[in-house]
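Coordinate inspection notes
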Amino acid sequence: MDALGLNLAGLITHFVSFGILFALLFILLYKPLGRVLDERRKRIEEGLTASERAQEAAEESRAEARAEIQQGREEAQRLVAQAQELAQRIESEARENAVDQAEQLIERARSEIEQERDQAVQQLRNEFAGMAIAAAERVIEQSLDADDHQRLIADVLAESSNGQQN
């Protein structure tokens, strides 16, 4: 090998040195660097998994939010319907109360009118009786006592009632 310019002992020494250097580099650099790369790959995978989980959770949250919004809308519609029903009921009750009050007012007015009519009729009867007594006194030219007054008033009223009915 000397003819080629190679020294066998130097070549073996170089190979052994290279093997030792390779073994040292493998043990000191490649394995720790491999571990670091493996850990980084695991962290990246965990991050991706966590990201996927977070995305799934966000999608679930969106779905829940949509469901709650829909439920809120339905609740609002139900409340609006109840409010409308209550308003209609209150309006109906107010109408009924107004009708009842109007009927009471009409009945009270009728009663007052009837009382006033009865009072007017009584007043007319009293005036008529007084005039009849005065006329009777003139006709018979004498004064009447209380019994005669009452009898004469009853007779005149009976005649006037019969005259009104005919």
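For the structure itself, look to the data block above.
Everything numeric here is computed off the predicted structure, so don't read it as measured data.

Here's the deal with the overall build of the protein chain
Along its length, the protein chain carries 2 helices and 0 strands. By the burial criterion, 5% of the 166 residues in the protein chain qualify as buried. Summed over all atoms, the accessible surface of the protein chain reaches about 14,600 Å², with 56% contributed by carbon and sulfur.

Quick look at the pattern of salt bridges
Note on pairing: side chains with opposite charge can pair once their charged atoms come close. In this structure the tally under the stated criterion is 5 salt bridges. Glu 59 is the partner of Arg 62 in a salt bridge, and the nearest nitrogen-oxygen pair spans 2.8 Å. In this pair, Arg 62 and Glu 59 both sit in helix H1 (residues 8-140), 3 residues apart, roughly one turn of the helix.

With respect to the packing of aromatic side chains
Applying the stated criterion across every chain yields a total of 2 aromatic pairs. Both rings, one in Phe 18 and one in Phe 22, keep their centres 6.3 Å apart while their planes meet at 25°; by these two values the pair is stacked. Here Phe 22 and Phe 18 lie together in helix H1, a separation of 4 residues that amounts to about one turn. Summarising the aromatic geometry, the rings of Phe 26 and Tyr 30 are spaced 5.1 Å apart at their centres and angled 20° between planes, so their arrangement reads as stacked. Of the two residues, Phe 26 and Tyr 30 both sit in helix H1, 4 residues apart, roughly one turn of that helix.

A short note on the environment of Asp 148
For Asp 148, the position within the fold is in helix H2 (residues 146-165). With relative accessibility at 25%, the residue Asp 148 sits in the partly exposed group. Remark: the alpha-carbon pair of Asp 148 and Ile 133, spanning 15 residues in sequence, is separated by 9.6 Å.

Regarding a negative patch on the surface
Together, Glu 52, Glu 56, Glu 60, Glu 64 and Glu 68 give the surface a local cluster of negative charge. Examined against the element boundaries, Glu 52 turns out to sit in helix H1.

Calculation rules
- Residues numbered from 1 in each chain as written.
- Predicted model: local features only at pLDDT ≥ 70, side-chain atom pairs only at ≥ 80, totals over all residues.
- Heavy atoms only, no water.
- Helix = DSSP H or I, 4+ residues; strand = E, 2+ residues; numbered from the N terminus.
- Buried < 20%, exposed > 50% of the residue type's maximum accessible area, 1.4 Å probe, protein only.
- Areas by Shrake-Rupley, 256 points an atom, 1.4 Å probe, with all protein chains shown as cover.
- Salt bridge = Lys/Arg side-chain N within 4 Å of Asp/Glu carboxyl O.
- Phe/Tyr/Trp six-rings, centres within 6.5 Å; stacked < 30°, edge-to-face > 60°.
- Patch = residues over 30% accessible without salt bridge, like charges linked within 9 Å, V, L, I, M, F, W, Y side chains within 5 Å.
- Lys, Arg positive; Asp, Glu negative; His and termini not counted.
- Charge placed at Lys NZ, Arg CZ, Asp CG, Glu CD.

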